[in-house]
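Each chain, written out:
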Amino acid sequence: VMLIFDWEEGSIGCPFFSLFRLLFDARQLDIEQGRSPAVYDGNYSPGELAIRQVYIETLPWRTLAERARAFDLAMCLAPFRTIHNGMLFAAAQGRIKGNPRECAMLSSWAVQRWEAFGHGSKT
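Quick look at the structure, then. Position numbers for residues start from 1 in each chain and track the written sequence from start to end. Restriction of local features to residues with pLDDT of at least 70 applies here, the model being predicted, together with a cutoff of 80 or more for giving and counting side-chain atom pairs; totals for whole chains, interfaces and linings are based on all residues. Neither water nor hydrogens contribute to the side-chain values; these are computed over all heavy atoms in the structure.

Focus on the overall build of the protein
Here is step 1 of the chain: Runs of H or I in DSSP of at least four residues are treated as helices and runs of E of at least two as strands, each being numbered from the N terminus. Counting its regular elements, the protein contains four helices and zero strands.
Here is step 2 of the chain: The order of helices and strands in the protein, counted from the N terminus, is α-α-α-α.
Here is step 3 of the chain: With the C-alpha coordinates of the protein rotated into their principal frame, the extents come out at 45 × 35 × 30 Å.
Here is step 4 of the chain: Exposure is judged per residue with a 1.4 Å probe applied to protein chains only, and the accessible area is read against the type maximum: over 50% gives exposed, under 20% gives buried, and values in between give partly exposed. When each of the 123 residues of the protein is scored for burial, the buried share is 30%.
Here is step 5 of the chain: Looking at the protein alone, contacts between residues at least 24 apart form 55% of all its contacts between residues at least 6 apart.
Here is step 6 of the chain: Taken as a whole, the protein presents about 8400 Å² of accessible surface, with 62% of it coming from carbon and sulfur.
Here is step 7 of the chain: In the protein, 13 side chains carry a positive charge and 13 a negative one; their mean positions are 5 Å apart. Contacts between residues were defined by any pair of non-hydrogen atoms, one from each residue, lying within 4.5 Å. Only the protein chains shown count as cover for residues, and all accessible areas are computed by the Shrake-Rupley method using a 1.4 Å probe. Just so you know, the count uses Lys and Arg for positive and Asp and Glu for negative, and it drops His and the chain ends. Where a charge lies is defined by one atom per residue type: Lys uses NZ, Arg uses CZ, Asp uses CG and Glu uses CD.

Below is the structure:
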C-alpha cells in the first residue's frame, strides 16, 4: 500500500474542492476511451463515479449519505472556486479581465451539475 500526500492545494475548507481537477482528468480519460460522451451533461462519468465512491467511503466524517451529498454539492460549487482562483492568478499577471471563456465554461458546468443532481429547474 502506498500513501501519497498532495499538499499542492492544501487549505482549510471543503476537502472535496481539490478533487474537481482529478474528476476533470478522469472524465477526459473516459471520453478518450469511449466510456463517456464528449458533451458535458453534468452527470458523473464512470471514472468520476469510481473516484467519488472511494472518497466518500474513506472519509471518516458523518454518514455515507451525508458524505455523498457533501461531495456532490462541492462538485457543484468547485467550478466557482476554480473561476475565483483563475481570476486571482490573472490579476497577479496584470490581466484584469481574466479568462472569460473559461469562466463561461465553468459556470455552465456548475449549473449543469446542479441540475443533474435534481436542484433547480432544467428549463
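That was the structure; now back to the text.
Some points on unusual backbone geometry
Here is step 1 of the chain: For Arg-62, which is not glycine, the phi dihedral falls at a positive 45°.
Here is step 2 of the chain: Residue position: Arg-62 is located in the loop between α2 (46-58) and α3 (64-92).
Here is step 3 of the chain: Residue Arg-62 is classed as exposed on the basis of its relative accessible area of 58%.

Focus on the environment of Gly-34
Here is step 1 of the chain: Counting through the fold element by element, Gly-34 comes out in the loop between α1 (19-32) and α2.
Here is step 2 of the chain: Since its relative accessible area comes to 62%, Gly-34 is described here as exposed.
Here is step 3 of the chain: Sequence-wise, Gly-34 and Val-54 are 20 residues apart; in three dimensions their C-alpha atoms are separated by 22 Å.

Description of the nonpolar core
Here is step 1 of the chain: The definition of a nonpolar core used throughout is a set of buried Ala, Val, Leu, Ile, Met, Phe, Trp, Tyr and Cys residues joined through side-chain atoms within 4.5 Å. Of all hydrophobic cores here, the largest spans 19 residues; its most connected members are Phe-16, Leu-19, Phe-20, Leu-23, Phe-71 and Met-75.
Here is step 2 of the chain: For this core, the element with the highest residue contribution is α3, accounting for seven residues.

Here's the deal with the packing of aromatic side chains
Here is step 1 of the chain: Side-chain rings of Phe, Tyr and Trp (the six-membered ring for Trp) are treated as a pair once their centres are within 6.5 Å; stacked means planes under 30 degrees apart, edge-to-face means over 60, and tilted covers the remaining angles. Tallying each qualifying case throughout the model produces six aromatic pairs.
Here is step 2 of the chain: Counting every residue linked through ring pairs, the aromatic cluster contains Phe-16, Tyr-44, Phe-71 and Phe-117.

Some remarks on the pattern of salt bridges
Here is step 1 of the chain: Whenever Lys or Arg places a side-chain nitrogen within 4 Å of a carboxyl oxygen from Asp or Glu, that contact is recorded as a salt bridge. This model, assessed by the stated rule, comprises six salt bridges.
Here is step 2 of the chain: Glu-48 is the salt-bridge partner of Arg-113, the closest N and O atoms lying 3.5 Å from each other. Taken together, the residues span a long stretch of sequence, with Arg-113 in helix α4 (residues 100-116) and Glu-48 in helix α2 at a distance of 65 residues. Like Arg-113, the residue Glu-48 is buried in the burial classification.
Here is step 3 of the chain: In this structure, the salt-bridge partner of Arg-62 is Glu-66, at a minimum N-O distance of 3.7 Å.
Here is step 4 of the chain: For Glu-66, a relative accessible area of 33% translates into the label partly exposed.
Here is step 5 of the chain: Taken together, the salt bridges that share partners define one network made up of Arg-27, Glu-48 and Arg-113.

Some remarks on the side chain of Arg-113
Here is step 1 of the chain: In this structure Arg-113 comes out as buried when scored by relative accessible area, which is 2%.
Here is step 2 of the chain: Dropping the residues within four chain positions of it, Arg-113 is found in contact with Leu-23, Arg-27, Tyr-40, Gly-42, Asn-43, Tyr-44, Glu-48, Met-75 and Cys-76.

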